[in-house]
Amino acid sequence: MQEFDLYLNSERPTLGLYVKKGAGLPDLADANQWVLEGHVWRTELPPEILRGLDANGHAFQELGK
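Thresholds applied
Residues numbered from 1 in each chain as written. Predicted model: local features only at pLDDT ≥ 70, side-chain atom pairs only at ≥ 80, totals over all residues. Heavy atoms only, no water. Helix = DSSP H or I, 4+ residues; strand = E, 2+ residues; numbered from the N terminus. Rg over C-alpha atoms; globule rule 2.2 N^0.38 Å. Buried < 20%, exposed > 50% of the residue type's maximum accessible area, 1.4 Å probe, protein only. Contact = heavy atoms within 4.5 Å. Areas by Shrake-Rupley, 256 points an atom, 1.4 Å probe, with all protein chains shown as cover. Lys, Arg positive; Asp, Glu negative; His and termini not counted. Charge placed at Lys NZ, Arg CZ, Asp CG, Glu CD. Core = buried A, V, L, I, M, F, W, Y, C linked by side-chain atoms within 4.5 Å. Pairing = 2+ DSSP bridges. Axes fitted to C-alpha atoms, helices over the stretch in contact; angles between N-to-C directions. Salt bridge = Lys/Arg side-chain N within 4 Å of Asp/Glu carboxyl O.

J.: Tell me what's going on with the overall build of the chain, and back it up with residues and numbers.
T.: Tallying secondary structure elements over the chain gives one helix and four strands in all. When its helices and strands are written in sequence order, the chain yields β-β-β-α-β. For 65 residues, the compact-globule estimate of 2.2 N^0.38 gives 11 Å, and the chain sits close to it at 11 Å. Counting the 65 residues in the chain, one finds 37% classified as buried. Excluding contacts between residues fewer than 6 apart, the proportion of contacts in the chain whose partners are at least 24 apart in sequence is 58%. Accessible surface for the chain amounts to roughly 4,200 Å². Of this, 51% is attributable to carbon and sulfur atoms. For the chain, the separation between the mean place of its 6 positive charges and that of its 10 negative charges on side chains is 5 Å.

Here it is in structure tokens:
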């Protein structure tokens with residue numbers, strides 16, 4: 001089963017960023033603003049997030065406040 005890393009933005013903690021596990025954040029200019037929060041399984045993510053991950057290798061999600 002596929003697993004993804006979940007990063008939270010330290011300046012806006014309700015914004016999450018999912019990337020493929022182990023991919024890191026090499027292409028982000030502001031990578032230092034993101035903190036690894038943990039991991040999630042593919043089955044835990046909603047379809048719209050999975051579409052973004054499949055298409056772009058990453059997906060942003062506004063998390064509950």
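J.: Please give an account of the nonpolar core that cites residues and values.
T.: Core analysis: the biggest nonpolar cluster contains 10 residues, these being Phe4, Leu6, Leu8, Tyr18, Val40, Leu45, Ile49, Leu50, Leu53 and Ala59. Leave out the neighbours within four places in its chain, and leucine 8 touches Pro13, Leu15, Gly16, Gln33, Trp34, Val35, Glu37 and Leu63. Of all hydrophobic cores here, the second largest spans six residues; its members include Tyr7, Leu15, Leu17 and Trp34.

J.: Describe in detail the sheet that holds strand S2 (residues 15-20), supporting the description with residues and values.
T.: Spatially, four strands are ordered S3-S1-S2-S4 in an open sheet, and the strand pairing comes out antiparallel. A strand with exactly one partner marks an edge of an open sheet, and here the two such strands are strand S3 (34-41) and strand S4 (58-62). The average undirected angle you get between the axes of adjacent strands in this sheet is 30 degrees. The pairing of strand S1 (residues 3-9) with S3 spans seven bridges and is antiparallel.

J.: A description of the pairing of S1 should follow, citing residues and the corresponding values.
T.: S1 sits mainly inside the fold: seven of its seven residues count as buried. What you see with S1 is no split at all: Glu3, Asp5, Tyr7 and Asn9 on one side and Phe4, Leu6 and Leu8 on the other are buried throughout. As defined by bridge partners, S1 adjoins S2 across five bridges and the pair is classed as antiparallel. If you follow phenylalanine 4 over to S2, its bridge partner there is lysine 20.

J.: Can you break down the pattern of salt bridges residue by residue, with the values?
T.: One pass over the structure, following the stated rule, counts three salt bridges. Across the salt bridge formed by arginine 12 and glutamate 62, the nearest N and O atoms sit 2.5 Å from each other. One end of the pair, arginine 12, is in the loop between S1 and S2; the other, glutamate 62, is in strand S4, with 50 residues separating them in the sequence. Look at arginine 12 and you get partly exposed, because its relative accessible area is 43%. For glutamate 62, a relative accessible area of 40% puts it in the partly exposed group.

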